[in-house]
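Structural overview for review
Listed below are the residues making up each chain.
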Amino acid sequence: MLAKYWKKIGLVILILACLINIMYKLVNKVSLNSELKATAEYMYNEYKQEKKK
């Protein structure tokens, strides 16, 4: 029976894996606001270090 339906079973597994991957990325994505804040803090610290020299 498995030999008869192996393509359909593989396709279902592939679709489930893609959906899980997409959901994981949506849940764990970094917001743009926090990314911009981190970049601004880094640049400000670099500017202060450069100014001390």
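A short tour of the structure in this document, coming up. Owing to the predicted nature of the structure, the values given are computational and were not obtained by experimental measurement.

Turning to the overall build of the protein chain, a few remarks are in order. Looking only at helices and strands, one finds 2 helices and 0 strands in the protein chain. Computed over its C-alpha atoms, the radius of gyration of the protein chain comes to 23 Å, more than 25% above the 10 Å expected for a compact globule of 53 residues. Dimensions of the protein chain along its principal axes, counting C-alpha atoms only, are 75 × 20 × 10 Å. A total of 53 residues make up the protein chain; the buried ones form 0% of that total. Of the charged side chains in the protein chain, 10 are positive and 4 negative; the average position of the first set lies 18 Å away from that of the second.

The next subject is a nonpolar patch on the surface. On the surface, a nonpolar cluster with roughly 680 Å² of combined accessible area is contributed by L11, V12, L14, I15, L16, L19 and I20. If you trace the backbone, I20 turns up in helix α1 (residues 6–27). Assessed through its relative accessible area of 58%, I20 is described here as exposed.

Let us now look at the environment of Y5. For Y5, the position within the fold is in the segment before α1. In sequence terms Y5 and L36 are 31 residues apart; their C-alpha atoms lie 49 Å from each other.

Of note, Q49 is situated in helix α2 (residues 32–52). As a C-alpha pair, Q49 and K4 span 45 residues in sequence and 67 Å in three-dimensional space.

Parameters at a glance
Residue indices follow the written sequence of each chain, beginning from 1 at its first position. This being a predicted model, a pLDDT of at least 70 is required before a residue's local features are given, and a value of 80 or more before pairs of side-chain atoms are given or counted; all residues contribute to the totals for chains, interfaces and linings. Only hydrogens and water are set aside; all other atoms, that is, all heavy atoms of the structure, feed into the side-chain values. Segments assigned H or I by DSSP are reported as helices when at least four residues long, segments assigned E as strands when at least two residues long, and all are numbered from the N terminus. Two things to know: the radius of gyration comes from C-alpha atoms, and the globule rule equals 2.2 Å times the number of residues to the power 0.38. Partly exposed residues are those whose accessible area sits between 20% and 50% of the maximum for their type, while under 20% is buried and over 50% is exposed, using a 1.4 Å probe and protein chains only. The convention is simple: Lys and Arg are positive, Asp and Glu are negative, and His and the chain ends are not counted. Charge positions are represented by NZ for Lys, CZ for Arg, CG for Asp and CD for Glu. Exposure above 30% relative accessible area and the lack of any salt bridge qualify a residue for a patch; like charges then connect within 9 Å, and the nonpolar side chains Val, Leu, Ile, Met, Phe, Trp and Tyr within 5 Å. Per-residue accessibility takes into account occlusion by the displayed protein chains alone, with areas from the Shrake-Rupley method and a 1.4 Å probe. Salt bridge, as used here, is a side-chain nitrogen of Lys or Arg placed within 4 Å of a carboxyl oxygen of Asp or Glu.

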